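Take a look at the letters that make up each chain.
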Amino acid sequence: MKKKLLILSALVFTLGFTLSVFAKGYEKLEAFAELSKEKQTLIVETMKKNHEAKKELWGQMKEVKNSMHEVLTAPEFDEKAFQANVDKMEELKDKKFEIMSDTVIELAPQLSQQEREVLAQMMARGKHGHGKHGTGCGK
């Protein structure tokens, strides 16, 4: 009986957590759905360009991360090689941020204040319906 109760409580907890995560994503979609089809298309197409531009950076970032791991776990630690990887990672992150900034600069003048608020909500929550801890600009 205790085993069944434990399994049931785990299922209820998991279901509740899953629904709360999907609810946050739904709010984002609901706000996006209120935009005109023209504005939705504008945002989606511009974000696709953003995604394609960042796609190459993600691959490079993965390579740098692997290189950092190799340097860190080598028999002898090479501080200069590690620092070079750190510098490269910072450069790639700066490029990624620049691409996102350029995307906002391209989109924002074409949107009303209300539409920019929807864009801000979408960006704060990110691709998966939630923002990064402590870094989001959402409410």
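Refer to the structure printed above.
Predicted model only: the values in this text are computed from it and were never measured.

### Side note on the pattern of salt bridges
And step 1. Enumeration over the complete set of coordinates arrives at 5 salt bridges.
And step 2. One salt bridge in this structure joins Lys49 and Glu106, with 3.0 Å as the shortest N-O distance. Of the two residues, Lys49 is situated in helix α2 (residues 37-73) and Glu106 in helix α3 (residues 79-107); the sequence distance between them amounts to 57 residues.
And step 3. Between Glu91 and Lys88 there is a salt bridge; the shortest N-O distance is 3.6 Å. Residue Glu91 and its partner Lys88 are both found in helix α3; the two are separated by 3 residues, about one turn of the helix.
And step 4. In this structure Lys88 comes out as partly exposed when scored by relative accessible area, which is 31%.
And step 5. Beyond isolated ion pairs, a larger network of salt bridges with shared partners links Lys88, Glu91 and Lys95.

### Description of the environment of Thr46
And step 1. Residue position: Thr46 is located in helix α2.
And step 2. Separated by 60 residues in sequence, Thr46 and Glu106 place their C-alpha atoms 8.2 Å apart.
And step 3. Here Thr46 is in contact with Thr103, Glu106 and Leu107, once residues within four sequence places are set aside.

### Side note on the packing of α2 against α3
And step 1. Two elements in contact, α2 and α3, have axes separated by 9 Å at closest approach and are oriented at 175°. By the angle between their axes, α2 is roughly antiparallel relative to α3.
And step 2. Class assignment of the residues belonging to the contact of α2 with α3 gives a composition of 19 nonpolar, 6 polar and 8 charged.

Rules of the game
- Residues numbered from 1 in each chain as written.
- Predicted model: local features only at pLDDT ≥ 70, side-chain atom pairs only at ≥ 80, totals over all residues.
- Heavy atoms only, no water.
- Salt bridge = Lys/Arg side-chain N within 4 Å of Asp/Glu carboxyl O.
- Helix = DSSP H or I, 4+ residues; strand = E, 2+ residues; numbered from the N terminus.
- Buried < 20%, exposed > 50% of the residue type's maximum accessible area, 1.4 Å probe, protein only.
- Contact = heavy atoms within 4.5 Å.
- Axes fitted to C-alpha atoms, helices over the stretch in contact; angles between N-to-C directions.
- Parallel < 35°, antiparallel > 145°, perpendicular 65-115°, else oblique.
- Nonpolar A, V, L, I, M, F, W, Y, C, P; charged D, E, K, R; others polar.

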